[in-house]
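Now for the letters of each chain:
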Amino acid sequence: MEIKENGFIFSDDRNLVDVKAVHHYLSTQSYWAKGIPFELVQRAIENSLCFGIYKNQQQVGFARWVTDRTTFAYLCDVYVEEAFRGLGLSKKLMSLMLFHPDLQGLRRYQLATLDAHGLYEQFGFKALENPERQMAIVFKDLYSRDAKR
């Protein structure tokens, strides 16, 4: 699936993903994966339904779904490079991802965000109705040198 608009390419072709660029962003600029090793990013991309935003063959945005393509999809690692923010790229990417043929008819689409609630609410995401039912094992700062399990 590929859409060209205003000089940008939005694509689900995993072969187009610049793993080094994605790793650089996640490991140095994201709040959720600072310090993540390259090998983990590479493996995550290999095992996910990935989407990229490209301008002149340069990776300027990325997102991936962790999904069984049947009942559940978890959206993560969403970003647009700072120089390209404010152009509506995130909205276009969300539209492409939610209407992807492999993600139709799922029972649950889920994500976690610190500061982009407004974006995701436009696409039907809302706070969990019963958050007390959700559980997790979380290793904070896993990729930092001082992290402890």
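Note that the coordinates shown come from a computational prediction; the quantities given were computed from them, not determined experimentally. (Residues numbered from 1 in each chain as written. Predicted model: local features only at pLDDT ≥ 70, side-chain atom pairs only at ≥ 80, totals over all residues. Heavy atoms only, no water.)

1. Here we look at the packing of aromatic side chains
- Across all of its chains, the model carries six aromatic pairs by this definition.
- When the ring of Phe8 is compared with that of Phe84, the centres are 6.0 Å apart and the planes differ by 90°; the resulting orientation is edge-to-face. Placement of the pair is Phe8 in strand E2 (residues 8-11) and Phe84 in the loop between strand E5 (72-80) and helix H3 (89-98), with a sequence separation of 76 residues.
- What makes Phe8 buried here is its relative accessible area of 8%.
- Relative accessible area serves as the criterion here: at 18%, Phe84 is assigned to the buried category.
- Look at Tyr120 and Phe125: their rings are 6.0 Å apart centre to centre, the planes differ by 75°, and that puts the pair in the edge-to-face class. Note on accessibility: Tyr120 and Phe125 belong to one class, buried.
- Taking NZ or CZ as reference, Lys55 lies 4.7 Å from the ring centre of Phe8, over its face. (Phe/Tyr/Trp six-rings, centres within 6.5 Å; stacked < 30°, edge-to-face > 60°. Helix = DSSP H or I, 4+ residues; strand = E, 2+ residues; numbered from the N terminus. Buried < 20%, exposed > 50% of the residue type's maximum accessible area, 1.4 Å probe, protein only. Lys NZ or Arg CZ within 6 Å of the ring centre and 35° of its normal.)

2. Concerning the nonpolar core
- Membership of the largest hydrophobic core comes to 24 residues, with the highest contact counts inside it found for Ile53, Trp65, Leu75 and Met97.
- Residue assignment for this core shows that the elements contributing at least two residues are E2, strand E3 (49-55), strand E4 (58-67), E5, H3 and helix H4 (117-121).
- With six residues, H3 is the single largest residue contributor to this core.
- Excluding anything up to four places from it in sequence, Ile53 contacts Phe8, Ile9, Phe10, Gln58, Gln59, Val60, Gly61, Val80, Leu89 and Leu93.
- In this structure, Tyr25, Leu26, Ile45 and Phe62 belong to the second largest nonpolar core, which totals 13 residues. (Core = buried A, V, L, I, M, F, W, Y, C linked by side-chain atoms within 4.5 Å. Contact = heavy atoms within 4.5 Å.)

3. Digging into helix H2 (residues 38-46)
- For H2, the full list of buried residues reads Val41, Ala44 and Ile45. What you see down the axis of H2 is that its buried residues fit within an arc of 100°, all on one side.
- The inward-facing, buried residues of H2 abut helix H1 (19-28), E3 and E4. (Arc of directions from axis to C-beta.)

4. With respect to a nonpolar patch on the surface
- Residues Ile137, Phe139, Leu142 and Tyr143 make up a contiguous nonpolar surface patch of roughly 380 Å² in combined accessible area.
- Residue classification places Ile137 among the exposed positions, given a relative accessible area of 74%. (Patch = residues over 30% accessible without salt bridge, like charges linked within 9 Å, V, L, I, M, F, W, Y side chains within 5 Å. Areas by Shrake-Rupley, 256 points an atom, 1.4 Å probe, with all protein chains shown as cover. Salt bridge = Lys/Arg side-chain N within 4 Å of Asp/Glu carboxyl O.)

5. Some thoughts on H1
- By the criterion of burial, H1 is predominantly enclosed, with seven of the 10 residues buried.
- Turning to H1, its buried residues are Val19, Ala21, Val22, His23, Tyr25, Leu26 and Ser27.
- Tucked inside the fold, the buried residues of H1 contact H2, E4 and E5.

6. Brief notes about the side chain of His23
- Note that His23 resides in helix H1.
- Setting aside anything within four residues of it in sequence, one finds His23 in contact with Ile36, Pro37, Phe38 and Val41.

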